[in-house]
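Per-entry structural report
Okay, here's what each chain looks like letter by letter:
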Amino acid sequence: ADYQTNKRHRSSDEGQHRAAETLSAHRQLYERHFPLYKQPVEVGCFSLDSRRNFCNDQRQLRYYVQPTKSPDFNLRDGYTSRFVKRDDSVKEKLDHVLKWILANRDKIQTRDQTPSSSALGVDFVTWRGHLTKVLTTPYETQEGWMLAASKFRGSIYISEVETEAARVNRETRSQRQEEMMYWGYKFEQYICADDVDGTPDPGGVVNTNEAFCTVVQTRLADHKLLFSGEVDCRVKEPDAPPAPGCYVELKTSAEICTPKQRSNFHRYKLLKWWAQSFLPGVPQIVAGFRDHDGIVVAVETFPTSKISQLIKNEFNCWKPTVCMNFCNDFLSFVKSVVKEDDPRLVYLFTWDPHREVTYAVHRDSQYTFLPEWYIKDMSS
Ligand code: A3P
Ligand code: MG
Ligand code: MG
């Protein structure tokens, strides 16, 4: 049965040795039983400091401080005076994840894994954010993506390439859009303390270079994954579950005043929020709902595991199983295409809304993303 399902949405016969040329993103093709997704296990973490330097520690981890019933958060405060913005024209690719791997090779779990299949014992290395985009693809109608893949020592590394459309968007953001990008980080500052016994400091500087990232291992069907994702904060109780179970994702969204706004929130926002937090096993999302002027009017907690029930009343709504089955099939597609073990070879997978996933192969091009320092260190 699986074989037939596979054939139906591949463009050409997937014979013993020939990979399919394209992959369909039609949601109807992915309405199958939920695939195995193992509970993600944190194998490490790292921080990026105020100058965006990699630090092999948890110095940037912050602690969740529950806001009062009616908080007084003005997300516009400090935008012009206490804001250091990360330069998002700098493309970091997988570099921070690769630095973590080099410093922590011994921490990658190789138990219960077939020996000699790959040096790291994982099939894929990537950022959580890249997987979030894959998960939401069957429902995405606005933005396409490009994902570069290279095989090195048996593992496939996946790194995003900015699309032309995304670059134009980034370079032509309005004043209002620029300011609103700050609001999410300002919300974090109102909610997070730097120390376990501290309190938030809304008078401080918001510096978006700073980040704390978890590194998790998990398995989706027969794909062994290692990925990293930025984590906003953790609960401070010492008896909280171990990471990632203690982590909290923070979000902001426009306040909901009409049934139409509620429906849109369920259909579009909650899909992205769910995919982002489900992947690394972050159990809670704390949302700040703000008005047009950036004043937070309500704070609400969404347990990640309850989101799929919350949206079931929505007609023709998104389904977690479609997201996970598409991701599973995409990773199988990548495995079937990325056969040559050569870090100078990039298989560039491209998807645009209403199209199929296609790919092209590039050797020693602008797309090569595994740096020499990584290849050298891993080969020594
Ligand atoms: P919100 O989540 O409240 O929108 P994250 O939520 O993933 O931790 O990201 C923190 C904040 O970064 C976001 O807060 C938003 O302000 C900004 N941000 C993240 N991704 C963005 C994107 N693609 N475009 C614009 N802003 C983004
Ligand atoms: Mg974040
Ligand atoms: Mg957040």
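Look above for the structure.
Cut-offs applied
- Residues numbered from 1 in each chain as written.
- Chains lettered and ligands numbered in written order.
- Predicted model: local features only at pLDDT ≥ 70, side-chain atom pairs only at ≥ 80, totals over all residues.
- Heavy atoms only, no water.
- Helix = DSSP H or I, 4+ residues; strand = E, 2+ residues; numbered from the N terminus.
- Rg over C-alpha atoms; globule rule 2.2 N^0.38 Å.
- Buried < 20%, exposed > 50% of the residue type's maximum accessible area, 1.4 Å probe, protein only.
- Contact = heavy atoms within 4.5 Å.
- Areas by Shrake-Rupley, 256 points an atom, 1.4 Å probe, with all protein chains shown as cover.
- Lys, Arg positive; Asp, Glu negative; His and termini not counted.
- Charge placed at Lys NZ, Arg CZ, Asp CG, Glu CD.
- Salt bridge = Lys/Arg side-chain N within 4 Å of Asp/Glu carboxyl O.
- Pairing = 2+ DSSP bridges.
- Axes fitted to C-alpha atoms, helices over the stretch in contact; angles between N-to-C directions.
- Donors = N, O, S within 2.8 Å, 3.2 Å for Na, K, Ca; no water.
- Near = heavy atom within 4 Å.
- Polar contact = N/O pair within 3.5 Å; in protein donor to acceptor, adjacent residues only side chain to side chain.
- Nonpolar A, V, L, I, M, F, W, Y, C, P; charged D, E, K, R; others polar.

Turning our attention to the overall build of the protein. From N to C terminus, the protein includes 9 helices and 17 strands. The globule rule puts the C-alpha radius of gyration for 380 residues at 21 Å, and the 21 Å found for the protein is close to it. In terms of its C-alpha atoms, the protein occupies a principal-axis envelope of roughly 60 × 50 × 45 Å. Residues counted as buried form 52% of the 380 residues belonging to the protein. A sequence separation of at least 24 residues applies to 72% of the contacts in the protein between residues at least 6 apart. For the protein, the accessible surface area stands at approximately 18,900 Å², while carbon and sulfur atoms represent 47% of it. With 51 positive and 51 negative side-chain charges, the protein shows a spacing of 3 Å between the two charge centroids.

Here we come to the pattern of salt bridges. Enumeration according to the criterion identifies 22 salt bridges in this entry. Between Asp 329 and Arg 32 there is a salt bridge, with its nearest N and O atoms 3.1 Å apart. Of this pair, Asp 329 sits in helix H8 (residues 320-337) while Arg 32 sits in the loop between helix H1 (2-8) and strand E1 (41-48), and the two are 297 residues apart along the sequence. Given a relative accessible area of 4%, Asp 329 falls into the buried group. When its relative accessible area of 22% is taken as the criterion, Arg 32 is described as partly exposed. With a shortest N-O distance of 3.7 Å, Asp 77 and Lys 186 are connected by a salt bridge.

In this section: the sheet that holds strand E16 (residues 345-351). The strand order across the open sheet formed by 9 strands is E2-E1-E10-E11-E5-E7-E6-E16-E17, and the pairing between neighbours is mixed. The open sheet is flanked by strand E2 (54-55) and strand E17 (358-363), the only strands paired with a single partner. When strand E6 (residues 145-152) meets strand E7 (residues 155-161), the two strands line up antiparallel, connected through 7 bridges. Within E7, the residue paired with Phe 152 across the bridge is Ser 155. Taken strand by strand, helix H2 (residues 95-103) contacts E1, E2, strand E5 (124-127), E7, strand E10 (211-220) and strand E11 (223-230), and its axis lies near 120° from that of E1. Helix-sheet contacts for helix H9 (residues 372-379) involve E6 and E7, and the interaxial angle to E6 is about 30°.

Protein coordination at the magnesium ion (ligand 3): the donors are Asp 232 (OD), Glu 249 (OE) and Leu 250 (O), at 2.0 to 2.2 Å from the metal. Mapped onto the sequence, the donors of the magnesium ion (ligand 3) take the spacing D-x16-E-L. Metal-to-metal, the separation of the magnesium ion (ligand 3) and the magnesium ion (ligand 2) is 3.5 Å; Asp 232 coordinates the two. Residue Asp 232 is found in the loop between E11 and strand E12 (233-234), and its partner Glu 249 is found in strand E13 (residues 247-254); the two are separated by 17 residues along the sequence. Here Asp 232 falls in the buried class, since its relative accessible area comes to 2%.

Right, let's get into the pairing of E11. Working note: regular strand, side chains alternate between the two faces of the sheet. The buried count for E11 comes to 7 of 8 residues, which makes it a mostly enclosed element. Where E5 and E11 come together, 4 bridges link them in parallel fashion. Within E11, the position partnered with Trp 127 by the bridge is Ser 228. Here E10 pairs with E11 via 8 bridges, running antiparallel. The residue bridging Arg 219 from the neighbouring strand is Lys 224, located in E11. Two successive antiparallel strands, E10 and E11, enclose a turn made up of 2 residues, where Ala 221 displays a positive phi of approximately 50°.

Attention shifts here to the site of ligand 1. By nearness alone, every residue bordering ligand 1 is listed as Met 181, Gly 184, Tyr 185, Glu 188, Glu 230, Asp 232, Glu 249, Leu 250, Lys 251, Thr 252 and Gln 276. For ligand 1, an oxygen atom lies 2.7 Å from a polar atom in the side chain of Lys 251. Here Thr 252 contributes a backbone N or O atom positioned 2.6 Å from an oxygen atom of ligand 1. Protein coverage of the free-state accessible area of ligand 1, which is 520 Å², stands at 62%. In terms of residue class, the shell around ligand 1 is built from 3 nonpolar, 3 polar and 5 charged.

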